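Commentary on secondary and tertiary structure
So you can see what is in the structure, the chains are spelled out below.
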Amino acid sequence: MMMAEIWSLGGSLQIATIVFLWKILENYFSGHLRRSIISYGTKLASLVSPYIYIKFPEFVGDSEEYVGVKRSDAYAAIETYLSGKSSREAKYLKAIDVKDSSQPVQLSMDENEGVTDEFEGIKLSWVAKKEYTITQQSFSFNPQMDEKRYYELTFHKSHRDFVNGTYINHVIQKGKAITVSNRQRKLYTNNPSQSWERYRARKWSHATFEHPKTFDTLAMESKKKLEIVNDLENFSKGKDYHKKIGKAWKRGYLLYGPPGTGKSSMIAAMANHLEYDIYDLELTTVKNNTELRKLLIETTGKSIIVIEDIDCSLDLTGQRKKEKKKAKDEEANNPITKMTKGEEDSDSKVTLSGLLNFTDGLWSAIGGEKIFVFTTNYVERLDPALIRRGRMDMYIELSYCGFEAFKVLAKNYLDIDSHPLFATIGHLLEETNITPAEVAEKLMPKCMNEDAETCLKKLIEALETAKDEAKMKAEEEARLKVETEEKEKQEDALEDVKVDGSLAKVKENCVGVVKDNGATA
Ligand SMILES: Nc1ncnc2c1ncn2[C@@H]1O[C@H](COP(=O)(O)OP(=O)(O)OP(=O)(O)O)[C@@H](O)[C@H]1O
């Protein structure tokens with residue numbers, strides 16, 4: 001048994017001895033002499049003992065002159081790091097509430113309890129301790145007793161460099177990582193800028209993020225899914241890499257595809273995989289570029305900043321601008337809307353360059369470890385400046401449901417890996433376009449009586465209907481095309497006849513003129 005453990009076992013004897021010695025010191029020696037005796041006593045003890053003791057106080061800045069109020073990050077990380085070990089080994093525990101944690105409480109050692117940790121073959125001892133100091137408030141005659149908690153780490157002096165260089169860093173990093181993984185993640189949305197400007201409201205409101213979608217339940221080709229997961233993981237581990245190459249620690253993804261193909265689901269899966277928060281940015285309520293920047297400054301690291309349907313949030317093409325201008329002119333001339341206009345102009349003044357600065361400029365690097373995700377149903381409408389290489393790091397197409405994606409959905413909703421009807425479904429999926437959302441809807445049993453086969457048959461029915469509809473649509477389009485071409489041909493022919501007729505008339509007139517001229521000549 002280590003010396004330190006013996007010390008921690010004999011805690012009460014140790015305390016009684018210290019209290020006794022302290023009383024003698026207090027009664028018989030003056031303040032200055034007392035401090036000298038303590039200091040020399042400690043040095044003498046350290047010469048005799050082969051152990052080193054490190055104290056980690058709960059509050060930082062707590063000197064005799066100043067009682068600090070900031071809880072030490074290191075203390076909190078140690079508490080979390082030791083929590084698992086404490087709940088297994090310590091006899092006296094206390095349960096503490098941890099803010100924003102998914103765990104109801106965290107267990108930690110009560111005072112004078114100790115645990116032994118082993119790291120890279122080295123044994124170290126941790127004891128939770130409390131010391132009392134007497135402070136005299138200037139306005140009161142009664143001295144006040146302050147409790148100060150701290151963790152004491154004890155180890156053999158031969159491990160000094162290892163502990164200082166590696167072990168303490170390991171404990172703090174690990175403790176912080178446990179806190180992050182236990183933390184309740186948040187889904188933020190921006191408040192309309194007018195409310196926080198006028199009423200000092202917060203820029204972002206939040207709720208606990210509880211979307212259950214993961215990459216396992218996301219229906220898409222496994223190769224593509226793996227590529228995305230690897231990209232995310234490389235990014236989240238890439239702090240040093242980004243620093244080395246001098247690039248801000250951020251990444252941009254553009255998700256595009258028809259409605260119901262899983263763009264929002266993909267964002268939830270990303271956030272769950274990385275354990276990041278989500279900031280869902282509603283761009284149309286942001287007044288201008290300055291406010292966009294203010295919102296960005298308020299976001300934290302380890303977060304995904306999402307702008308959904310980016311093509312609808314900004315005027316990205318001349319065509320849309322023209323359409324909007326026309327609508328605005330009409331509205332201006334409308335006697336009903338005219339009255340409110342001017343006061344409530346809902347147009348977003350966020351410009352494309354403002355948005356590019358938001359994702360690319362100096363401010364985008366604040367806080368580090370940020371992912372930007374834009375989604376659109378119409379990638380072809382986006383301005384090339386927004387989606388050029390380097391700005392968006394990855395372009396992810398979410399598409400109609402293929403057989404592989406269907407199998408994921410069948411597993412999710414019906415808990416089956418195979419079925420004789422799978423072959424029919426496979427063929428039908430090759431022949432028609434159906435979104436994963438539509439497939440999911442058919443596979444979800446509507447009542448207790450619906451078994452897997454009933455659901456698969458419902459899907460086959462839906463696929464056949466979709467196939468027939470697509471066929472009819474294609475035939476209708478072909479018919480319309482032929483009709484249009486016929487019409488165009490007829491119009492061209494009519495035009496030719498008109499031109500020919502006009503030419504004939506011109507020729508006739510010319511002949512008349514020549515004749516007349518000839519007659520007068
Ligand atoms: N690829 C998918 N994998 C699993 N579920 C999906 C997938 N695509 C859609 N779904 C299901 O369909 C529903 C709608 O999907 P989601 O909102 O993610 O689609 P979307 O592409 O974001 O649609 P929109 O463009 O309309 O916002 C969700 O409830 C989800 O469970």
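Small disclaimer: the values here were computed from a predicted structure and weren't measured. For every chain, the first residue of the written sequence is number 1, and numbering continues from 1 onward in sequence order. Restriction of local features to residues with pLDDT of at least 70 applies here, the model being predicted, together with a cutoff of 80 or more for giving and counting side-chain atom pairs; totals for whole chains, interfaces and linings are based on all residues.

Here's the deal with the site of the ligand
Close to the ligand lie 15 residues; Ala219, Pro259, Gly262, Ser265 and Ala437 are nearest. Comment: elements are numbered from the N terminus, with helices defined as DSSP H or I runs of at least four residues and strands as E runs of at least two. Put simply, the parts of the chain that give the shell around the ligand at least two residues each are α9 (263-274) and α18 (436-443). Each residue gets one label: Ala, Val, Leu, Ile, Met, Phe, Trp, Tyr, Cys and Pro are nonpolar, Asp, Glu, Lys and Arg are charged, and the others, such as Gly, are polar. The residue inventory of the shell around the ligand, partitioned by class, reads 8 nonpolar, 6 polar and 1 charged. Composition of the shell around the ligand by domain shows at least three residues from each of domain 2 (186-331 + 347-397) and domain 3 (419-485). Here, nearness is defined through the C-beta atom: a residue counts as near a molecule or strand if that backbone-placed atom lies within 6 Å of it. Domain start and stop points were drawn from an automatic or database domain assignment.

Regarding unusual backbone geometry
Excluding glycine, residues mostly have negative phi values, and the peptide bonds linking residues are mostly trans. Backbone geometry places Glu275, a non-glycine residue, at a positive phi of 60°. When you line up the elements, Glu275 lands in the loop between α9 and β10 (277-280). The phi angle at Asp309 is positive, at roughly 50°, despite the residue not being glycine. Take Asp309: it is sitting in the loop between β11 (303-307) and α11 (310-313).

Let's talk about the nonpolar core
Think of a nonpolar core as buried Ala, Val, Leu, Ile, Met, Phe, Trp, Tyr and Cys residues chained together by C-beta atoms that fall within 7 Å. Each residue is classed by its C-beta neighbour count within 10 Å, where at least 20 other C-beta atoms makes it buried, 12 or fewer makes it exposed, and intermediate counts make it partly exposed; the C-beta atoms are placed from backbone geometry. Residues Leu255, Ile267, Ile304, Val306, Val373, Phe406 and Leu409 are the most contacted members of the largest nonpolar core, which totals 59 residues. Considering each element in turn, this core owes the most residues, 6 residues, to α9. Residue contributions to this core reach at least three from each of two domains, namely domain 2 (186-331 + 347-397) and domain 3 (419-485). What counts as a contact is two residues whose backbone-derived C-beta atoms lie within 7 Å of each other. Among all residues touching Phe406, those that are not within four sequence positions of it are Cys401, Ile425, Leu429 and Val439. Within the second largest apolar cluster, 16 residues are counted, among which are Ala77, Leu82, Met109 and Ala128.

Comments concerning the sheet that holds strand β12 (residues 370-376)
When DSSP finds two or more bridges between two strands, those strands count as paired. Reading across the sheet, the 7 strands line up as β8-β7-β10-β11-β12-β9-β13 and stay open at both edges, with mixed pairing between neighbours. Looking at the sheet topology across the chains shown, the edges are occupied by β8 (204-208) and β13 (394-397). Geometrically, the sheet is characterised by an average inter-axis angle of 20° between neighbouring strands, direction not taken into account. Summarising the sheet, strand β7 (residues 186-190) and β10 pair through 3 bridges and their orientation is parallel. In the sheet register, Thr189 faces β10, and the bridge partner there is Asp280. Together, β9 (250-256), β10, β11 and β12 form the strand contacts of α9, whose direction differs from that of β11 by roughly 165°. Axis angles are defined between N-to-C directions and span 0 to 180 degrees, where every axis is a line fitted to C-alpha atoms and, for a helix, only to the segment in contact.

A closer look at the environment of Ile96
Within the secondary structure layout, Ile96 lies in strand β2 (residues 93-96). On the neighbour-count criterion, Ile96 (11 C-beta atoms within 10 Å) is exposed. With residues near it in sequence (within four places) discarded, Ile96 still touches Val105, Gln106 and Ser108.

A closer look at the confidence of the model for the protein chain
pLDDT expresses how confident the predictor is about each individual residue, on a scale running from 0 to 100. Across the protein chain, the average pLDDT comes to 80, with 78% of residues at or above 70. Low pLDDT, under 50, characterises residues 62-68; the stretch is placed with 9 contacts to residues that sit more than four places away or in other chains. Per-residue pLDDT stays below 50 along residues 317-324; that stretch engages in 5 contacts with residues further than four places along the chain or on separate chains. Interface confidence for the predicted complex, expressed as ipTM, amounts to 0.96; the pTM equals 0.67.

Considerations on the packing of helix α7 (residues 222-236) against α9
Put simply, α7 and α9 touch, their axes get as near as 11 Å, and they point 45° apart. With respect to α9, the axis of α7 lies oblique. Crossing of α7 over α9 shows right-handed handedness. Packed against α7, whose contacting residues are Val229, Leu232 and Ser236, the element α9 presents Met270, His273 and Leu274 at the interface. Our angle categories are set so that under 35 degrees counts as roughly parallel, over 145 as roughly antiparallel, 65 to 115 as roughly perpendicular, and the remainder as oblique. Take the far helix as your reference; a near helix turned counterclockwise from it by less than a right angle gives a left-handed crossing, and one turned clockwise gives a right-handed crossing.

Details of helix α4 (residues 73-89)
Helix span is expected to be 1.5 Å times the residue number reduced by one. Compared with the 24 Å implied by 1.5 Å per residue over 17 residues, the 24 Å span of α4 between its first and last C-alpha is a close match. Each residue is assigned a bend, namely the angle between axes fitted to the seven residues that terminate at it and the seven residues that start at it. Helix geometry: α4 is bent most strongly at Ser83, by close to 45°. Along α4, the residues classified as buried are Ala77, Ile78, Glu79, Thr80, Tyr81, Leu82, Ser83 and Ser86.

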